[in-house]
Every structure is written in C-alpha cells, then in structure tokens.
Amino acid sequence: MDLQINVAGLLKEHAGATRVVELDGPVLELEDGAQAHVTGRLRLTRTDRGVWVSGALDISALDSCCRCLASFTQTVRVQLDDVFWPAVDIHTGARVRPDEQDEPEADTGSIDEHHVLDLTEALRQYRLAALPMAPVCREDCKGICPQCGQDRNQGTCTCEPEQDARWAKLRDLLK
C-alpha cells in the first residue's frame, strides 16, 4: 500500500461521509534516505471543503542509541489529525485559490489535481515531532566507556573512573 490515497469518490460525497484506510507496509522515505514502516488505521471524513484525516499510526525506523551507538528499530506512535484541501474543485475542475478559503492555515493543494491525497510529508513531520530527544535502545542501556569506547552492555572495561580535578582537595581530606 502506498501513502497516496485517491479521494475522488469521497470528495463527491456529502459532508460527513467517511472511509477507513488500513495501512500496513507503506514505506515512508525519511530525510536521511532511510525508510520507515507505517502501520495503523486512518479515518477519512469529508468536510464541507476538504478531507479530515484522523487516526493512530505506528512508524518504525532504524535509529542509533545515544548511549551505546548501537542500531535499533524504534517505533513511534503518532496521532494524525489534519484537514487536507483539494487543489481543484471536484465538480468543476477549477483551481481552488488560497484566498478563497476561510482557513489561513489550510494546506491548499495537498490533494492534487488528480484527487490524490499524499500523506508522505504530513507523516514525516508527525514522526519528527514524536521522536524522543535522545533515543535509547533500552531503558537500562549502560552506554560506552568515554575513555576506551567499550560497550558497557557487553562487558566491563579496565579503565579507572576519571576523577574530577575540582574535588581533589576534598579527596585529600578524606585520606
């Protein structure tokens, strides 16, 4: 399944008409050239001037742990809730101009002239917003040794813990 959905039939129906779309396997191209797997269910609802898309999706992609630098598959859950506007009127074929719409934030043209809704950019943005600041492969990841680079999840290293020089006078008092 693709992230492009033909909504011509839905645009011809009355406001309030709905369609449910199951996504299982579309590939989302990410900004770094990597690919993400998308699964979930979306509800497409016809509004008076566009299509409202809502639903929860899981987006899985390869990521790097910020502690140990290991690659792992990270899944983020996104709640899509957006209205998409057609570039052309479904009945007349006339272009819809942005100044004709009541909503200034309307994404005019997100449904192209062939009545295809492309969710690629919206999902890319929702995924970026849902990503954690510092992804970890698991909560108890021990990271790597800053001196020798040993992955502490796979074993311990023989490095001495680095002493902070600012505390040297206090350490001397304890001796």
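In case you missed it, the structure is sitting above this.
All of these numbers come straight from a predicted model, not from anything done at the bench.

With respect to the environment of Asp118
- Following the sequence through the fold, Asp118 ends up in strand E7 (residues 116-118).
- Between the alpha carbons of Asp118 and Gln4 there is a distance of 4.3 Å; along the sequence they are 114 residues apart.
- Engagement of the side chain of Asp118 in a polar contact is seen with the side chain of Thr120, the distance being 2.7 Å.

A few points about the pairing of strand E4 (residues 51-64)
- The sheet contact formed by strand E3 (residues 35-46) and E4 spans 9 bridges and is antiparallel. Bridge assignment links Arg46 to a residue of E4, and that residue is Val51.
- What sits between E3 and E4 in their antiparallel hairpin is a turn of 4 residues.
- Alignment of E4 against strand E5 (residues 71-86), held across 14 bridges, turns out to be antiparallel. If you follow Ile59 over to E5, its bridge partner there is Val76.

Focus on the pattern of salt bridges
- Tallied over the entire structure, the rule returns 6 salt bridges.
- Between Arg19 and Glu13 there is a salt bridge, and its shortest N-O distance comes to 2.4 Å.
- The exposure class of Arg19 is partly exposed, given its relative accessible area of 33%.
- Residue Glu13 is classed as partly exposed on the basis of its relative accessible area, which comes to 30%.
- Glu121 is the salt-bridge partner of Arg124, the closest N and O atoms lying 2.8 Å from each other. Here Arg124 pairs with Glu121, and both are found in helix H2 (residues 120-130), just 3 residues apart, close to one helical turn.
- Glu121 sits in the partly exposed class, given a relative accessible area of 41%.

Brief notes about H2
- Every buried residue of H2 is listed here: Thr120, Ala122, Leu123 and Arg127. Buried residues of H2 fall within an arc of 160° about the axis and therefore sit on the same side.

Topic: the state of the cysteines
- Evaluated as defined, the whole model comprises 0 disulfides.
- Free of any disulfide, Cys137 has its nearest neighbouring cysteine sulfur in Cys65, separated by 3.8 Å.
- The exposure class of Cys137 is partly exposed, given its relative accessible area of 27%.
- This cysteine, Cys148, is not joined by any disulfide, and Cys159 carries the nearest cysteine sulfur, 3.6 Å off.

Rules of the game
Residues numbered from 1 in each chain as written. Predicted model: local features only at pLDDT ≥ 70, side-chain atom pairs only at ≥ 80, totals over all residues. Heavy atoms only, no water. Helix = DSSP H or I, 4+ residues; strand = E, 2+ residues; numbered from the N terminus. Polar contact = N/O pair within 3.5 Å; in protein donor to acceptor, adjacent residues only side chain to side chain. Pairing = 2+ DSSP bridges. Salt bridge = Lys/Arg side-chain N within 4 Å of Asp/Glu carboxyl O. Buried < 20%, exposed > 50% of the residue type's maximum accessible area, 1.4 Å probe, protein only. Arc of directions from axis to C-beta. Disulfide = S-S within 2.5 Å.

Function cannot be read off these values alone, since they describe shape.
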